[in-house]
Amino acid sequence: MKTIKASGIAFAGLVTLGVTATASAEEIAIAIHVEPSHAMFKVGERLKESIEEQTDGDFSVTLLGTEVGGERDHLEGASYGEYNIALGGSMPMTLYAKEFAAADLPFVYSSSEQAREVYTGETGELLNEQLIANGNMRLVGLSARNPRNLTSNFPVETPEDVQEVRMRVPEIAPWIQIWEEIGALPSPIAWPEVYTSLQTGVIEMQENPVDLIHAGKIFEVQSHINRTEHVYSFFHWLMNEDFYQGLSEDNRKIIIGAIEEATSWGNEMVANGQAEIYEELKELGMTVVEPDVAAFRSAAEPAIRDIAESYHPAVREYVLSLVE
């Protein structure tokens, strides 16, 4: 699907009674790699409505989902202008701004607000310079995700409880290194295989946000949810840089403002939904455990310090200030 650049000329059409209409709306294509039922797609729907309403129809927004590919396809499409905006998880940082990919490092942050600092001030400016230079995209919005928690068939209260225990983690090298440092046996298994792997004993634990724990029916094969809250990460809304530069000052202000409003609305929805999901998981038989998170952070510290050496100095300094 070809999008029309903001600086392009819209085609003219005809209306009833043979009267020539004014130039048609310019199109904004937004690629979102999650299912329509996901909270981030709902954020996209709100964004579409807001942009079209505030620009009085000068822009027409099309939301594209998994029918045009996965996350990497969407990011690459936004990079070369096939899509004007794309949603990314952790991938855009690891692909285009690796020195700044620190916001989702396990056992460093105590809140989304702390993790969000990586994207602000001078660090945020440097990060965006990397995204633009390497990916021809700029970060225009962040959507908070629920923190990740550990599930098991026994209570996990201290690092001693995970020693030599087989657990599933995503295929993210720093995450694997940190869990190995703590003493677990991390195994990168694809998410669609996690349920069966737990059921058959290939792994004994896994970690995910509560919404995925619920959606994946992990409660059927695990009895405990341990609130380690070890990762605070974000979805990234990225805009093609050529499109951004081609927007008029007024339209840029409207679109960026609409993104800020939609992501803020989405953050509240996600945060409020988390408490409800915890209650549902309890009703479904899961026991909620409050671990000694400080002990886990202490056990993870050597690996965190090692990983931080690969970050940009500004990011490294911030990360290390939180583990000292």
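What counts, and where the lines are drawn
Residues numbered from 1 in each chain as written. Predicted model: local features only at pLDDT ≥ 70, side-chain atom pairs only at ≥ 80, totals over all residues. Heavy atoms only, no water. Helix = DSSP H or I, 4+ residues; strand = E, 2+ residues; numbered from the N terminus. Rg over C-alpha atoms; globule rule 2.2 N^0.38 Å. Buried < 20%, exposed > 50% of the residue type's maximum accessible area, 1.4 Å probe, protein only. Contact = heavy atoms within 4.5 Å. Areas by Shrake-Rupley, 256 points an atom, 1.4 Å probe, with all protein chains shown as cover. Axes fitted to C-alpha atoms, helices over the stretch in contact; angles between N-to-C directions. Left-handed = near helix turned anticlockwise from the far one by under 90°. Nonpolar A, V, L, I, M, F, W, Y, C, P; charged D, E, K, R; others polar. Pairing = 2+ DSSP bridges. Salt bridge = Lys/Arg side-chain N within 4 Å of Asp/Glu carboxyl O. Patch = residues over 30% accessible without salt bridge, like charges linked within 9 Å, V, L, I, M, F, W, Y side chains within 5 Å. Lys, Arg positive; Asp, Glu negative; His and termini not counted. Charge placed at Lys NZ, Arg CZ, Asp CG, Glu CD. Right-handed = clockwise from strand over helix to strand, strands pointing away. Phe/Tyr/Trp six-rings, centres within 6.5 Å; stacked < 30°, edge-to-face > 60°.

> Mind showing me how you'd approach the overall build of the protein chain here?
If you tally the helices and strands in the protein chain, you get twelve helices and eleven strands. Whereas a compact globule of 324 residues would reach a radius of gyration of roughly 20 Å, the protein chain reaches 22 Å, a difference of no more than 12%. C-alpha extents for the protein chain along the principal axes are approximately 75 × 45 × 30 Å. For the protein chain, the residues scored as buried account for 50% of the 324 residues in total. The long-range share in the protein chain, meaning contacts at least 24 apart out of those at least 6 apart in sequence, stands at 71%. When the accessible area of the protein chain is evaluated, it comes to approximately 14,700 Å², of which 49% is carbon and sulfur surface.

> How should the packing of helix 1 (residues 39-54) against helix 10 (residues 249-283) be read in this particular structure?
A pair of packed helices is captured by two measures, namely the crossing angle of their axes and the spacing between those axes. Viewed as axis vectors pointing N to C, helix 1 and helix 10 meet at an angle of 145°, and their least axial separation amounts to 9 Å. For the pair helix 1 and helix 10, the crossing hand works out as right-handed. Two secondary-structure elements touch here, helix 1 through Ala 39, Met 40, Lys 42, Val 43, Arg 46, Leu 47, Ser 50, Ile 51 and Gln 54 and helix 10 through Ile 254, Ile 255, Ala 258, Ile 259, Glu 261, Ala 262, Thr 263, Trp 265, Gly 266, Met 269 and Val 270. Each residue belonging to the contact of helix 1 with helix 10 can be placed in one class, and the counts come to 13 nonpolar, four polar and three charged.

> What am I meant to see in the sheet that holds strand 1 (residues 26-31) here?
Spatially, the five strands line up as an open sheet ordered 2-1-3-10-4, and their pairing is mixed. A strand with exactly one partner marks an edge of an open sheet, and here the two such strands are strand 2 (59-64) and strand 4 (137-144). Pairs of neighbouring strands in the sheet enclose a mean axial angle of 20°, with direction left out of account. For strand 1 and strand 3 (residues 85-88), the ladder comprises two bridges, and the chain directions are parallel. Residue pairing for strand 3: Ile 30 is matched across the bridge by Ile 85. Contacts between helix 2 (residues 71-79) and the sheet are confined to strand 1, strand 2, strand 3, strand 4 and strand 10 (234-240), with strand 3 contributing the most and set at about 145° to the helix. Strand contacts of helix 5 (residues 121-135): strand 4 and strand 10, with the helix running at about 125° to strand 4, the strand carrying the most contacts.

> How should the pattern of salt bridges be read in this particular structure?
Two side chains carrying opposite charge are able to pair once their charged atoms lie near each other. Enumeration over the complete set of coordinates arrives at nine salt bridges. Measuring nitrogen to oxygen at the nearest pair gives 2.8 Å for the salt bridge that ties Arg 46 to Glu 261. In this pair, Arg 46 sits in helix 1 while Glu 261 sits in helix 10, placing the two residues 215 residues apart along the sequence. The partly exposed category is assigned to Arg 46, whose relative accessible area is 30%.

> What is the right way to read a negative patch on the surface from this model?
On the surface, a cluster of negative charge is contributed by Glu 49, Glu 53, Asp 56 and Asp 58. Summarising the element assignment, Glu 53 is placed in helix 1.

> I keep staring at the pairing of strand 1 and nothing clicks. Help me out?
Looking along a regular strand, one sees the side chains alternate between the two faces of the sheet. Counted residue by residue, strand 1 has six buried out of six residues, so it is predominantly covered. Taking every second residue as pointing to the same face, both faces of strand 1 are buried, with Glu 26, Ile 28 and Ile 30 on one and Glu 27, Ala 29 and Ala 31 on the other. Across six bridges, the pairing between strand 1 and strand 2 is parallel. If you follow Glu 26 over to strand 2, its bridge partner there is Phe 59. Running through helix 1, the crossover from strand 1 to the neighbouring parallel element strand 2 is right-handed.

> Would you take a moment to explain the packing of aromatic side chains for this structure?
The geometry of two aromatic rings is summed up by the distance between their centres and the angle between their planes. Scanning the entire structure with this criterion turns up five aromatic pairs. Measuring from centroid to centroid gives 5.4 Å for Phe 107 and Trp 179, while their planes differ by 75°, and the two rings are edge-to-face. Taken as a pair, Phe 107 in the loop between helix 3 (91-96) and helix 4 (112-116) and Trp 179 in helix 6 (residues 173-182) lie far apart in primary sequence, 72 residues in all. Both residues of the pair, Phe 107 and Trp 179, belong to the buried class. Between Trp 179 and Phe 296 the ring centres are 6.5 Å apart and the planes differ by 70°, which places this aromatic pair in the edge-to-face class. With a gap of 117 residues between them, Trp 179 in helix 6 and Phe 296 in helix 11 (residues 293-308) connect regions that are remote in the sequence. An identical accessibility class is assigned to Trp 179 and Phe 296; each is buried. Ring pairing ties together the aromatic residues Phe 107, Trp 179 and Phe 296, which thus form one cluster.

These figures capture arrangement, not role.
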